[in-house]
Amino acid sequence: MSIAKRVVSRREFLRLGGAGVAGALLLGSVGCGGDNKSGENAIRWQAIPAYSLQAPDENRVEYLQNAISSWEESSGYAIDPLVTSSDVTEAMALLLEQASQNRAPDIAMVDSYIFPRFYDFVQPIGDYLGDISLSDYFPFAREVMTGEDGEVKGLQFTTDVRVMYYRTDLISTPPTSWAELLRTGQDLLSEELTPYLFPAGRDEATVTTSLFPYFWAQGGELTDADGTPVFGEGENREAMVNSLSFIEECVESGITPRRVTDYAKETDLNGDVASGRTAMFLGGNWQVNLLKEIIGAEQFVSQWEVAPVPSMEGGPNHTTTAGGWVWGVFPEDEEKQRAGVDFLKTAFVSDQGMAGWCSIGGYLPPRQAVFEVPDYRGNEYTDTFREHLNRYARNRPAAETYQDISTALQVAVGQVVSRDASPEQALETAVRSVSG
Amino acid sequence: MLSEKKIAGRRTWSETITDSPSPWLFPLGIILGATFLYPIFEIARLSFTNAGLIGGGYSYTFESYLSLLQSPNFANMLKVTAMFVSFSVVFQMLFGFLIALLVDQGAKRGLRVSMVTRTAVLSAWAIPGVIIGIIWSILYEQSAAGILNYVLSSPGQTIPFLSDPQLALASVTVANIWRGTAFSMILVYAGLQTLPSDVMEAAKVDGANAWQRLFRVMLPLLAPILFIDLVVVSIETFNTFDMVLALTGGGPGRSTEVVALSIYNQIFRQFNLGQGAATAVLLLTINIVVTFVYIRFLEGNQEVR
């Protein structure tokens, strides 16, 4: 007895294979369609890791989960959460690239200093603001959020400010001028104590915290109205040489160690501060909560106070850098724009939303009124930070050349601190780098 | 008659296709073209533009190459890269060879420590570059908490491992040698396992001492492996940026900014896609030239022999 073999022809094989692939695709698409978070009613919401559902802080995650679920229930929309890489600059670069190719998420958070470069890609959202008044924002935040055409382009929801921290048990009156700072530092100089620290590595903090406040307080400008770099010309050049020379003097006098070139971010100084061997340092408001955790809240508050970043002349003439984060809204669909802004207001921008998020994260609100909201919980230094935001803060220029300027000046500071170049030589190289 | 011819023709066509390797290589060709050749083409094309990372319009120009060549940092970047690569390659190969010899001799003598050594060295290779950068930054820490400073420096004095421009480059190179030695060791160790034992024994019987056996017998036999090691380690070191980024970010100033890191900075920090692409083409050219020089050198040596 023979068993007839069933031979599958090539054509049958291809038909079967094709049907299988088509079936798989169909099932896949049905599966995708079933996901509420990627359908038409989903808002793709992108945040950096610390501001997302993947944040290491459970309080933040809980706040976000509650805000998202309650808004989803009331709006009928779903939030599709996306997270960027932890390298913020790289994440912003990729978002810019996506936005320029119409592939940006519906809502994404953007570092405030880079937000003006998104003006051409974000949607105007002034019509959806409701009771949120633009005049309530600090002037520097208003400047970032509003394009040249007067349209509201984004919603800033956190801000920050750079200050000088000093030890009250060592320094009774904080220095306000460079001469006072050098004098105070030299009086404190010993093997056990490092008088003055600031970031001088290859990152944004080197310019925003350690250079621009000195430069701006002398009236220096990085760019002209067209965005052309002018920091190496005329009075700006003089202001920049003065600033770099002061940094050089801090190192030469011994009050600042050369190892500050290792510190790329303000938080890199936390170890030195916690060791108890630092008398003064330039840092950001966001370090308060971190240092309280490291040193102990009571000890930190009893030992440390904040003052304006010293300026060349001192007195009331100070400047500092403000930053923060802005939400950009990208979809062309007006309903989605409205829904997106509604979510942002609920979770981050309304009085309660901003107070809630800034309290949880330890951020400063960019809206004056939020400081008065009962639910807003600042810290012992919040009033001083608020005063600095009002009196001294300014933004980095919105020019397209800013990234080149920042990199060139980071290098200049590094060269001066490491004695690789004089202030004049370092500035000359920076000017040539930017103009080349 | 006609239908028979048709059938014969069809058979010939299908047989031709079946017998040819082309259909089987076609998918691989598509994948290689899409993932390897097309990106290279795109980088080369973008290098002749003034494109930024944010998109928008761009035009074709030589400006990216001109500004790269006229940049005040260009010569320094090449010098830093040359020193970083040459010292890294020489010492990675040297240490890799020595460790492989020790591990091989230990294994032949049945010492367990050789397996431990092999595993320990390999673990360095398995650690991502960014983590290595962080580990070495802790070792190089210049404050009182620094491990190497605690061991090496005198009280009150610290060694500026990462804040002195010259020392920073040396420190980064040492960290890279530590990272890359494992790869050389693996290759050489594998090569040592393939050495014909009769040849080695014959040399011994003929009275060759250990040095003579090493230089006259072992090294010539290992030459192809060492050549592959040289090429791979050189290219890998030229392309290294992750560890340098984590360790110094290219600083202080630009004293440790190698070409690969400069590409990253130009594209992702300064959004300058055109000039970043031009620098990438420069790096690709350097890699090709170096490999070509190595091949010519090896061919020359073989002809002499």
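Residues numbered from 1 in each chain as written. Chains lettered and ligands numbered in written order. Predicted model: local features only at pLDDT ≥ 70, side-chain atom pairs only at ≥ 80, totals over all residues.

**Student:** Give me the environment of Met 243 of chain B: which residues, what numbers.
**Tutor:** Residues and elements named next belong to chain B. Tracing the chain through its elements places Met 243 in helix α11 (residues 242-247). The exposure class assigned to Met 243 is buried, which follows from the 25 C-beta atoms found within 10 Å. As a C-alpha pair, Met 243 and Ile 135 span 108 residues in sequence and 10.0 Å in three-dimensional space. (Helix = DSSP H or I, 4+ residues; strand = E, 2+ residues; numbered from the N terminus. Buried ≥ 20, exposed ≤ 12 C-beta atoms within 10 Å, placed from the backbone.)

**Student:** Go over the packing of helix α2 (residues 58-75) of chain A against helix α13 (residues 351-361) of chain A with me, naming the residues and quoting the values.
**Tutor:** Residue and element names in this part refer to chain A. α13 packs onto α2 with a crossing angle of 160° between their chain directions and a minimal axis gap of 9 Å. Taken together, the axes of α2 and α13 are roughly antiparallel relative to one another. Between α2 and α13 lies a crossing whose hand is left-handed. Contacts from Asn 59, Arg 60 and Tyr 63 of α2 reach α13 at Gly 356, Trp 357, Ile 360 and Gly 361. Class assignment of the residues belonging to the contact of α2 with α13 gives a composition of three nonpolar, three polar and one charged. (Axes fitted to C-alpha atoms, helices over the stretch in contact; angles between N-to-C directions. Parallel < 35°, antiparallel > 145°, perpendicular 65-115°, else oblique. Left-handed = near helix turned anticlockwise from the far one by under 90°. Contact = placed C-beta atoms within 7 Å. Nonpolar A, V, L, I, M, F, W, Y, C, P; charged D, E, K, R; others polar.)

**Student:** Quick one: what's the story with the pairing of strand β6 (residues 278-284) of chain A, residue by residue and with numbers?
**Tutor:** Residues and elements named next belong to chain A. Taking burial as the measure, the seven residues of β6 include seven buried ones, the bulk of the element. Sheet analysis places strand β4 (residues 154-167) next to β6, joined by five bridges and oriented antiparallel. By the bridge assignment, Tyr 166 is partnered in β6 with Met 280. (Pairing = 2+ DSSP bridges.)

**Student:** Pulling in residues and values, what's your account of the confidence of the model for chain A?
**Tutor:** Residues shown with low pLDDT carry predicted positions that ought not to be read at fine detail. Residues and elements named next belong to chain A. Averaged over every residue, the pLDDT of chain A is 90; residues scoring 70 or more account for 91%. Put simply, helix α1 (residues 10-33) is where chain A has its lowest mean pLDDT, 48, and helix α7 (residues 212-217) is where it has its highest, 98. Throughout residues 1-8 the model reports pLDDT below 50, and contacts reaching past four residues in sequence, or to other chains, amount to one contact. Contacts for the low-pLDDT stretch residues 23-35, under 50 throughout, to residues beyond four places or in other chains number two contacts. (pLDDT = per-residue confidence, 0-100.)

**Student:** Describe the domain arrangement of chain A, listing the residues and the values that go with them.
**Tutor:** Residues and elements named next belong to chain A. Each assigned domain of chain A is listed with its residue range as follows: domain 1 (40-159 + 322-393) and domain 2 (163-318 + 398-435). Once you take the C-alpha centre of each, domain 1 and domain 2 turn out to be 29 Å apart. Counting residues at the interface gives twelve residues for domain 1 and twelve residues for domain 2. If you tally residues by element for the side of domain 1 that touches domain 2, the top one is helix α14 (residues 382-391), at three residues. Per-class residue counts for the side of domain 1 that touches domain 2 are five nonpolar, five polar and two charged. (Domains from an automatic or database assignment.)

**Student:** How would you summarise helix α5 (residues 178-188) of chain A if you had to cite specific residues and measurements?
**Tutor:** Helical geometry note: an α-helix holds 3.6 residues per turn, so side chains three or four residues apart project in the same direction. Residue and element names in this part refer to chain A. Listed in full, the buried residues belonging to α5 are Trp 178, Leu 181, Thr 184 and Gly 185. With its buried residues spanning 125° around the axis, α5 presents them on a single face. Considering only its buried residues, α5 is in contact with β5 (194-197) and α8 (234-252). (Arc of directions from axis to C-beta.)

**Student:** Can you lay out the interface of chain A and chain B for me, pointing to particular residues and giving the numbers?
**Tutor:** In many reports, interface size means the accessible area that the parts give up when they come together. In this complex, chain A contributes 32 residues to the contact, which on the side of chain B involves 30 residues. The set of elements that each furnish at least two residues to the side of chain A that touches chain B consists of α3 (88-100), α9 (270-274), α15 (402-417) and α16 (423-435) of chain A. In terms of residues, the side of chain A that touches chain B owes the most to one element, α15 of chain A, which gives seven residues. Tallied by class, the residues present in the side of chain A that touches chain B amount to five nonpolar, 14 polar and 13 charged.

**Student:** Which residues make up the nonpolar core, and what values go with them?
**Tutor:** Val 110, Phe 281, Trp 327, Leu 344, Ala 412 and Ala 430 of chain A are the most contacted members of the largest nonpolar core, which totals 174 residues. Ranked by residue count, the leading element in this core is helix α8 (residues 165-194) of chain B, at 13 residues. The contact partners of Val 110 of chain A, leaving out residues within four places of it in the chain, are Met 92, Leu 95, Phe 115, Phe 118, Gly 154, Trp 325, Val 326 and Gly 328 of chain A. (Core = buried A, V, L, I, M, F, W, Y, C linked by C-beta atoms within 7 Å.)

**Student:** Describe the environment of Phe 84 of chain B, listing the residues and the values that go with them.
**Tutor:** Residues and elements named next belong to chain B. Within the fold, Phe 84 resides in helix α4 (residues 74-108). Spatially, the C-alpha atoms of Phe 84 and Thr 173 are 5.7 Å apart, while their sequence positions differ by 89 residues. Not counting the four nearest positions on each side in its chain, Phe 84 is found in contact with Leu 169, Val 172, Thr 173 and Val 258.

**Student:** Mind laying out the pairing of strand β2 (residues 78-83) of chain A, listing which residues take part and the relevant values?
**Tutor:** Residues and elements named next belong to chain A. Pairing analysis gives six bridges linking strand β1 (residues 42-47) to β2, with the strands arranged parallel. From the neighbouring strand, Ile 43 faces β2, where its bridge partner is Ile 79. With α2 bridging β1 and the parallel β2, this β-α-β connection has right-handed handedness. (Right-handed = clockwise from strand over helix to strand, strands pointing away.)

**Student:** Please provide a residue-by-residue account of the environment of Ile 40 of chain B, values included.
**Tutor:** Residue and element names in this part refer to chain B. Mapping Ile 40 onto the fold places it in helix α2 (residues 22-47). With 12 C-beta atoms counted inside 10 Å, the residue Ile 40 sits in the exposed group. Residues Ile 40 and Val 281, spaced 241 residues apart in sequence, show a C-alpha to C-alpha distance of 8.6 Å.

**Student:** Tell me about unusual backbone geometry, and please be specific about residues and values.
**Tutor:** Residue and element names in this part refer to chain B. A cis amide bond links Gly 251 with the next residue in sequence, Pro 252, at an omega value of 0°. When you line up the elements, Pro 252 lands in the loop between α11 and α12 (259-269). The backbone phi angle of Phe 271 is positive, close to 60°, even though this residue is not glycine. Looking at the element boundaries, Phe 271 is found in the loop between α12 and α13 (273-304). Judged by the 23 C-beta atoms lying within 10 Å of it, Phe 271 falls in the buried class.

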